[in-house]
Each structure stands twice: as structure tokens, then as C-alpha cells.
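# Chain and residue survey
Each chain, letter by letter, is given below.
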Amino acid sequence: MSIAGFWAAGRLSDAAVDLAPYGERPVQVLLSVATATLISTIGLGIAVSVQEGFPTVASLVNSEGVLAGGLLVGCLGLVLGPLVAGSLEWLLTTAQWDRRWTVIGVGAGVGLLVWGGLIGIAMPLVSAVGVPFGHVGSLVALVVYGALFGLYYQTLRTTFSRQHTSSGH
């Protein structure tokens, strides 16, 4: 997955240059968020799958199927991408973007906050499960999501920024 992410970063960097006449920054942000969201959603799915958690996720909507759980996890991952990207942009200073571990840590922290919001607030509202703060699997999955998102978003964002400054723009 890491190799695919870094390969995609190079290809998307080239694509962003080709689309530059349409407005460089919005295209770069869109490509960065979309790619980081896709890779992080795959990581979220893997983290839930390893824990055999798809049936548990499906039970939140009164279903038993692995497919329903997988679709819910996929939808969650796609919705979280822009949220995590916005959080990273808001929380990090310009100097912090060059420190990979800082961005990964803040991404993991955002995953932790999402877990608290989903498990502590949203889940009791939409299900009869109550507040299952003891469910460590969902915590791990969302922290993995945030960390992966931070890694790939930072990689793409800094690649585009360097390319932008080296091309004289």
C-alpha cells in the first residue's frame, strides 16, 4: 500500500502540472485529499477486517452482513477525508508541514477525536448500543485512518508545494 501511495503521489504531481491553467492550488488540494482519502479508507477497511469487525459495524444499522459493514466503513472513510484534511490545514502551521511525524501524529490525534465523537456522541444517538468506550478496535481503526491520512496528505501536499516553488510560480 505504501508503494502504491508514493507511486500515486508522483503521478498526481505530474497531473496537477498538466491541469495548472485551471487553477493550481484547488486542483492540488482536490487531488491530495482524494488520494489520501482513498488510501486511508483502504487502511480503515483493513484495520476493521483484521479485527473481524464488519459484522459489528453492520449491527449499527440492524444488519448482519459483512457487505453492509464494509459499505458503512467505506462511506465513513470517504466522509472523513475532507474532515481530516480540513483539520490538518487548520491545526498545523506552515513550518510543521515539513515535519512528517508531526503531521502523522496530528492526523492520528484527529482520528482519536473522531472516535470520541462517533463512539461517545453519535453511536448512542443512532443505535441501542449505548456508549461502548471499551471498544478498542474502533479506536485503533480510526487512529490508523488519521495517521495514514496525515502521511499521504503531507506527502502529496509537500510534493505539490515544492514543485510549485521550483517551477518559479
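Before reading further, recall that the structure is shown in the block above.
Residues numbered from 1 in each chain as written. Predicted model: local features only at pLDDT ≥ 70, side-chain atom pairs only at ≥ 80, totals over all residues. Heavy atoms only, no water.

### As for the overall build of the protein
Scanning the protein from N- to C-terminus turns up six helices and zero strands. Moving toward the C terminus, one meets the helices and strands of the protein in the order α-α-α-α-α-α. Looking at the protein as a whole, 41% of its 169 residues are labelled buried. Taking contacts inside the protein between residues at least 6 apart in sequence as the whole, the part at least 24 apart equals 70%. Roughly 9000 Å² of accessible area belongs to the protein as shown, and the carbon and sulfur atoms make up 71% of that amount. (Helix = DSSP H or I, 4+ residues; strand = E, 2+ residues; numbered from the N terminus. Buried < 20%, exposed > 50% of the residue type's maximum accessible area, 1.4 Å probe, protein only. Contact = heavy atoms within 4.5 Å. Areas by Shrake-Rupley, 256 points an atom, 1.4 Å probe, with all protein chains shown as cover.)

### Regarding the side chain of R157
By the element assignment, R157 lies in helix 6 (residues 136-166). We classify R157 as buried; its relative accessible area is 16%.

### Some words on helix 4 (residues 66-91)
When the terminal C-alpha atoms of helix 4 are compared, their 36 Å separation across 26 residues agrees well with the 38 Å that a helix rising 1.5 Å per residue should span. The largest bend along helix 4 measures about 30° and falls at L80, with the proline P82 one to four residues further on. (Expected span 1.5 Å × (residues − 1). Bend = angle between axes of the 7 residues up to and from the residue.)

### Focus on the packing of aromatic side chains
The relative placement of two aromatic rings is captured by the distance of their centres and the angle of their planes. This structure, assessed with the given rule, holds three aromatic pairs. Considering the side-chain rings of Y145 and F149, the 6.3 Å spacing of their centres and the 20° angle between planes classify their relative orientation as stacked. Here Y145 and its partner F149 are both found in helix 6, four residues apart, which amounts to about one turn of the helix. By the burial criterion, Y145 is buried, and F149 matches it. (Phe/Tyr/Trp six-rings, centres within 6.5 Å; stacked < 30°, edge-to-face > 60°.)

### Observations regarding the pattern of salt bridges
Oppositely charged side chains can form a pair if their charged atoms are brought close together. Evaluated as defined, the whole model comprises one salt bridge. Note that E89 and R157 form a salt bridge whose closest N and O atoms lie 2.8 Å from each other. With E89 in helix 4 and R157 in helix 6, this pair connects stretches of sequence that are 68 residues apart. (Salt bridge = Lys/Arg side-chain N within 4 Å of Asp/Glu carboxyl O.)

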